[in-house]
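Below are the chains, spelled out letter by letter.
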Amino acid sequence: MRIAILGCGYVGLVSGACLAEIGHSVVCTDNDESKILTLNQGGLPIYEPHLKEIVARNVDAQRLRFTADLGEAVRYGDAVFICVGTPPLQDGDADLSAIDSAARLIARESRSSKLVIEKSTVPMQTGQKLVRALAIYARNSDSSFSVASNPEFLREGTAVLDFLHPDRIVIGVGNEPAETQLREIYRPILEQNVACPIHQQNCPPKEAPKLLVTSINSAELIKHACNSFLAVKISYANLIADICENMDADVEEVMQAMGLDPRIGPSFLRPGLGFGGFCLPKDIQAFIRLGEKAGVDVSLLRDAELINKRRIDHFLAKAVNSLWTLKAKCIGVLGLAFKPHTDDIRFAPAMELIGRLLQEHVRVKVYDPQGMEKTKALFPSIHYCADPYELADGAEALMIVTEWDCFRQLDWLRIKSLMQRPLIIDGRNLLPSDEMRAMGFEYQGVGIPTAEAWDMKSRAAS
Ligand code: UDX
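Residues numbered from 1 in each chain as written. Predicted model: local features only at pLDDT ≥ 70, side-chain atom pairs only at ≥ 80, totals over all residues. Heavy atoms only, no water.

A. Representation of helix α13 (residues 311–323) within the structure. The end-to-end C-alpha separation of α13 is 19 Å, in line with the 18 Å expected for 13 residues at 1.5 Å each. For α13, every residue scored as buried is listed here: Arg-311, Ile-312, Phe-315, Leu-316, Lys-318, Ala-319, Ser-322 and Leu-323. Projected down its long axis, α13 shows its buried positions confined to an angular sector of 150 degrees, all on one face. (Helix = DSSP H or I, 4+ residues; strand = E, 2+ residues; numbered from the N terminus. Expected span 1.5 Å × (residues − 1). Buried < 20%, exposed > 50% of the residue type's maximum accessible area, 1.4 Å probe, protein only. Arc of directions from axis to C-beta.)

B. Examining the state of the cysteines more closely. Across all of its chains, the model carries 0 disulfides by this definition. The cysteine Cys-226 is free of any disulfide, with Cys-279 supplying the nearest cysteine sulfur at 12 Å. (Disulfide = S-S within 2.5 Å.)

C. Region of interest: the side chain of Glu-21. For Glu-21, the location among the structural elements is in helix α1 (residues 10–21). What makes Glu-21 buried here is its relative accessible area of 16%.

D. Main features of the sheet that holds strand β14 (residues 442–444). One open sheet accounts for 6 strands, arranged β11-β10-β9-β12-β13-β14; its pairing is parallel. At either end of the open sheet lies a strand with only one pairing partner, and these are β11 (383–384) and β14. Note that strand β10 (residues 363–367) and β11 share 2 bridges and pair parallel. Following the sheet pairing, Val-366 is matched in β11 by Tyr-384. This element, α13, spans β9 (330–334), β12 (397–400), β13 (423–426) and β14 of the sheet and lies at about 165 degrees to β13. (Pairing = 2+ DSSP bridges. Contact = heavy atoms within 4.5 Å. Axes fitted to C-alpha atoms, helices over the stretch in contact; angles between N-to-C directions.)

E. Local environment of the environment of Ser-25. Inspection of the secondary structure puts Ser-25 in strand β2 (residues 25–29). Through-space distance from the C-alpha of Ser-25 to that of Phe-315 is 49 Å; in sequence the pair is 290 residues apart. Those residues in contact with Ser-25 that lie beyond four places of it in its chain are Met-1, Arg-2, Ile-3, Arg-63 and Tyr-76.

Interpretation note: all reported values are geometric properties and have no functional meaning in isolation.
Shown next as structure tokens:
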């Protein structure tokens, strides 16, 4: 099928490349011409594992191309996916102006019948507004439109795998032809007829994905409901972690036991610095606004958001407790991206943390395998280190903010020898507390027993 993708951000690029990978002819466009230029020169405006190979392969096979000509892209596609940004406004509402522009563009440029698919996360009833806008702005008597909602559940860092091997595909449709067309688009994925992007062969990794056909309103709601639930789950884990810290219990043990209950499940129970990134914080905010407008009591969501906002206060309080004062101290921040395997720093806990450390006149050093370039634009004058050893050199504390796997493999004894004081404040429970303490680190994790309690336990054991 001929597919047009409007918006070359994370969602648009991954969707476009993967739809080409499963055999469709895809054109991607964006009103940011510099992005299209980068893509046409073989670069990528984002880092996402496996995306580069998939883009290159499909461009070579002439199934994927990029154009700055928005109208040409719209006219080309039998199906047009709207993947533009819906960033938060000051009051927490989603900014839908890019969706509105996309609707007017599609209406103006279309010369045939089109399936218009919302993939961006949007508040409920956006589909209805889209139908109205397309009808109002249509300019050609040969054009007609069906609207569908097809929310994405892509996680940054695993977005390609999530697209090609999803657990479920949700399509919200208002008529049968739209359903048939979407079934056809996703047929190779539903039939698991897709080569694994990592191994380049058919590796049936798990059960075939479930296809859920819903109303457009339900599909729009499903995305918000999922992300808000995940946010609540993380805040719940953080609440338990705070209780553990006060009671010398171990949150890792508690979460492990909770996760073994199939009614709860093990994922999204990792306590730490809270949820960041461009989706969970903005989606829960928009969902709160949506609920308030509908007159629904959303205090559960508000509390989850509040718990999340306090994570950095809580983390900094630990630093003050150990270092007494922060002014002029040298602190290394290990990890900038909002989570591993991405260079995305939007709403990353590290950004707020660095801002707060600078307010306290801390000498901040940072290191991240992918997130340094983007951070430089926000904090040009902090010290960017070539590796974690340079970061440790002379530091009075190391703060672990992103749980990159490669940090586990570091030579921690070497790091200890380089530090002015071997203090580690681990915001992600990345490192094994017992081993770090046995190595001589002053180690503080999230929701784990204090060093004093650990000392007593080790003495009792020996
Ligand atoms: C999320 C949703 O998971 C995805 O389905 C949706 O399409 C987009 O939003 P993403 O933003 O890529 O994906 O990241 P995710 O893996 O969900 O993590 C979000 C944040 O929560 C990160 O900051 C992560 O560190 C944090 N997190 C996650 C925790 O603090 N604890 C956990 O147990 C899980």
